[in-house]
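If you want the building blocks of each chain, they are given just below.
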Amino acid sequence: MASALSPPRLPKPKSIQPSHYYESFLEKKGPRDRDYKKFWAGLQGLTLYFYNSNRDSQYVEKLDLRVFVKLRDEAPWGSSQDPGTHFCLVLRNQEIKFKVESVESREMWKGFIVTVVELRVPFNLTLLPGHLYMMTEALAKEEARRALEMPSCFLKVSRLEAQLLLERYPECGNLLLRPSGDGSGGVSVTTRQALNGTPVVRHYKVKCEGPKYVIDVEQPFSCASLDAVVNYFVSHTNQALVPFLLDEDYEKVIGYVEADKENGESVWVAPSAICPGPALPKQLPPASITPVSSHNKLPPLPNQDENYVIPIGDDPAANYVNGDVPSPSRPVVQKPRKLAKFQAKPPKTPVMPKPEPKGLNSGLAKKLAVSSAQVFSPTTGLAGVTAELEEKLQRRRALEHAAARTGDQQANLQA
């Protein structure tokens, strides 16, 4: 029988490689790394992406170049000479060390990073004309990209709020773009610097004239985008002005302001944990039940509703009632619950020749007779009464008979 034809296997779709201004292998060492790790790196916009291989489309790490400070060449650790394969990328919050395969690769990386960050082609590097042309193309792409997006230092805040942000977070930058306060649709630039310990705050107006942005100073300067406006301020102040980039840190504990009842001052309260609802009582874990062996198992507790037959002792004056606590020295035989039906008639008690005496002895005799009837009843489960118990009962009857004779004689004497 011919096997069913399986559908032809289609080739897996290849992942689309991202478009980078420049890409090659880089060995990276961060501030927490002990050694260099090799990646396939690519530069796109103001972000440096790192991949495990040149066939991957998903990056594993990335660096934000918006906090760029400078680039510097350095010799490897423990060496006094620079082989031309090491350089360091200094960011605002960390320093990243890189190692490449050749001097040409190092100059290429430095040139492309400076081009996208400062929007200029560096001609002071050891580069070939073809390399400079590649960087000129990357510059045109980056300018077109930035013309379509707002710079990261643009915030929708007022004039006073901009001053407060620059004052409260000086480590995040000292240049900030904001909407203009005159309602003309333009933007304003707010800067804050320290002069001999005294803060100096300045505001600059940027007019929007068609597709161009004109910086309104003594010699007006026209820019194609807001990002070019930021780059103009940075480059014309010898990089003393740094674009403001607020760190997006998030709190881990919920806090709130509470007024102190004693002095009326407001205090910040940040408890370690705030429960969203009322605290529920803690449930105890179920107790584990350990099985008990048959050898160590205790007998079941007696039912209070059941009747028990208690053997009669040798003392004739003792008065026993069913249901009393039995003596620990004598066995207790359990009586069945159902007493209504009898399987057989109990044996008849021998009839005494004389009537029972009245009074205390008569009552005692009745109780003994009832007890004896219960003992010999087959329904009580006492068919195996021992001979010792029968002997005690015969002795008890003899005593009753003697007591009856004594009573008769006393009655005759009184008569």
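The preceding data block contains the structure.
Residues numbered from 1 in each chain as written. Predicted model: local features only at pLDDT ≥ 70, side-chain atom pairs only at ≥ 80, totals over all residues. Heavy atoms only, no water.

Caption draft 1: Focus on the overall build of the chain. Counting its secondary structure elements, the chain contains six helices and 16 strands. Going through the 415 residues of the chain one by one, you find that 29% of them count as buried. Summarising the internal contacts of the chain: among those between residues at least 6 apart in sequence, 43% fall at separations of at least 24. A total of about 30500 Å² of accessible surface is found on the chain, and carbon and sulfur atoms cover 55% of it. (Helix = DSSP H or I, 4+ residues; strand = E, 2+ residues; numbered from the N terminus. Buried < 20%, exposed > 50% of the residue type's maximum accessible area, 1.4 Å probe, protein only. Contact = heavy atoms within 4.5 Å. Areas by Shrake-Rupley, 256 points an atom, 1.4 Å probe, with all protein chains shown as cover.)

Caption draft 2: Fine view of the sheet that holds strand β10 (residues 198-209). Pairing is antiparallel in the open sheet, where five strands are placed in the order β8-β9-β10-β11-β12. Bordering the open sheet on either side are β8 (175-179) and β12 (221-223), each of which pairs with just one other strand. Strand-to-strand twist in this sheet, taken as the mean axis angle between neighbours without regard to direction, amounts to 30°. Across five bridges, β8 lies against strand β9 (residues 187-195) in antiparallel orientation. Opposite P179, over in β9, you have V187 as the bridge partner. (Pairing = 2+ DSSP bridges. Axes fitted to C-alpha atoms, helices over the stretch in contact; angles between N-to-C directions.)

Caption draft 3: Summary view of the pattern of salt bridges. For the coordinates displayed, the defined rule picks out 16 salt bridges. Between K99 and E27 there is a salt bridge, with the nearest N and O atoms lying 3.5 Å from each other. Taken as a pair, K99 in strand β7 (residues 95-99) and E27 in strand β1 (residues 22-29) lie far apart in primary sequence, 72 residues in all. Using a relative accessible area of 26% as the deciding quantity, one classes K99 as partly exposed. The exposure class assigned to E27 is partly exposed, which follows from its relative accessible area of 25%. (Salt bridge = Lys/Arg side-chain N within 4 Å of Asp/Glu carboxyl O.)

Caption draft 4: Up close: helix α3 (residues 159-168). Every buried residue of α3 is listed here: A162, L165 and L166. Along the axis of α3, the buried positions cluster into a sector of 95°, meaning they face one direction only. Within α3, the exposed residues directed more than 90 degrees away from the buried face are L160 and R168. Where α3 is buried, its residues touch β8 and β9. (Arc of directions from axis to C-beta.)

Caption draft 5: Expanded view of the sheet that holds β1. If you walk across this open sheet you meet the seven strands as β4-β3-β2-β1-β7-β6-β5, and the pairing is antiparallel. Pairing within the sheet leaves two strands with one partner each, and these edge strands are β4 (61-64) and β5 (68-73). Averaged over all pairs of adjacent strands, the angle between strand axes in this sheet comes to 35°, irrespective of strand direction. Bridging between β5 and strand β6 (residues 86-91) involves five bridges; their strand directions are antiparallel. Among the inter-strand pairings, L71 is bridged to a residue of β6, identified as L89. Here helix α1 (residues 103-118) sits on the sheet in contact with β1, β2 (37-44), β3 (47-51), β5 and β6, set at roughly 105° to β1.

Caption draft 6: Region of interest: the nonpolar core. If you look at the biggest cluster of nonpolar residues, it comprises 36 residues, and the most contacted ones within it are L65, F98 and W109. Put simply, the parts of the chain that give this core at least two residues each are β1, β2, β3, β5, β6, β7, α1 and α2 (129-147). F98 has contacts with L26, E27, K28, Y36, L48, F50, L63, T85, H86, F87 and L89, leaving out every residue within four places of it along the chain. Ranked by size, the runner-up nonpolar core spans 23 residues in total, among them L166, L176, L226 and V230. (Core = buried A, V, L, I, M, F, W, Y, C linked by side-chain atoms within 4.5 Å.)

Caption draft 7: Inspection of the packing of α1 against α2 at higher detail. It is the contact of α1 with α2, at a shortest axis distance of 9 Å, that shows an interaxial angle of 30°. It follows that α1 is roughly parallel to α2 by the angle criterion. In this structure, α1 meets α2 at a crossing whose hand is right-handed. Here E104, E107, M108, G111, F112, T115, V116 and V117 of α1 come into contact with α2, specifically with H131, M134, M135, A138, L139, E142 and R146. The class makeup of the residues in the contact of α1 with α2 is eight nonpolar, three polar and four charged. (Parallel < 35°, antiparallel > 145°, perpendicular 65-115°, else oblique. Left-handed = near helix turned anticlockwise from the far one by under 90°. Nonpolar A, V, L, I, M, F, W, Y, C, P; charged D, E, K, R; others polar.)

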